[in-house]
Amino acid sequence: MVMSMRKMSVNQCGQIRQVMASGEMGRRIRDMGLVPGTELMVVGRAPLQDPVALRMKGFTLSLRNSEADFITVEAK
């Protein structure tokens, strides 16, 4: 199932399909390693659901929902 990263649940795994952000935000997202083909898992969310904690490539990354909206994931 293909969805926005923002809609993924805790402990759900997926693979990045597309990063739709451009400009400075797109560069920043890609610099963090969030590129198409990357496997990831949502490991937690803050009490108000923002930000989201992702586990990928051996490290944990925190991402705002406003940034996660620009990332399309194929959830497993």
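Everything discussed here concerns the structure shown above.
Residues numbered from 1 in each chain as written. Predicted model: local features only at pLDDT ≥ 70, side-chain atom pairs only at ≥ 80, totals over all residues. Heavy atoms only, no water.

K.L.:
What is the right way to look at unusual backbone geometry in this model?
P.N.:
Leave glycine aside and you will find that most residues have negative phi; peptide bonds, for their part, are mostly trans. Cis peptide bonds are those with omega within 30 degrees of zero, and the linkage from D50 to P51 qualifies with 10 degrees. Mapping P51 onto the fold places it in the loop between β3 (39-45) and β4 (52-56). Residues other than glycine seldom take positive phi values, yet N11 does so here, at roughly 70 degrees. Judged by its relative accessible area of 56%, N11 is exposed. (Helix = DSSP H or I, 4+ residues; strand = E, 2+ residues; numbered from the N terminus. Buried < 20%, exposed > 50% of the residue type's maximum accessible area, 1.4 Å probe, protein only.)

K.L.:
Which parts of the structure should I look at to understand the pairing of strand β2 (residues 13-19)?
P.N.:
Side-chain direction in a regular strand flips from residue to residue, so the side chains alternate between the two faces of the sheet. Inspection of the sheet shows β2 paired to β3 by three bridges, in the antiparallel sense. In the strand pairing of β3, G14 is matched with L40. Where β2 and strand β6 (residues 71-75) come together, five bridges link them in antiparallel fashion. The residue bridging I16 from the neighbouring strand is V73, located in β6. (Pairing = 2+ DSSP bridges.)

K.L.:
Please clarify how the side chain of T38 should be interpreted in this entry.
P.N.:
Locating T38 in the fold gives a position in the loop between α1 (23-31) and β3. Among the polar contacts made by the side chain of T38, one reaches the main-chain carbonyl oxygen of G33 at a distance of 3.4 Å. Aside from chain neighbours lying at most four places away, what touches T38 is G14, Q15, I16, G33, M56 and K57. (Polar contact = N/O pair within 3.5 Å; in protein donor to acceptor, adjacent residues only side chain to side chain. Contact = heavy atoms within 4.5 Å.)

K.L.:
How should I be thinking about the nonpolar core in this particular structure?
P.N.:
A general feature of soluble globular proteins is that nonpolar side chains tend to end up buried together. If you look at the biggest cluster of nonpolar residues, it comprises 20 residues, and the most contacted ones within it are M5, L34, L40, L54, L63 and I71. Broken down by secondary-structure element, the contributors of at least two residues to this core are β2, β3, β4, β5 (59-63) and β6. Beyond its immediate chain neighbours, meaning those up to four positions away, L40 contacts M5, M8, Q12, C13, G14, I16, L34, L54, R55 and M56. (Core = buried A, V, L, I, M, F, W, Y, C linked by side-chain atoms within 4.5 Å.)

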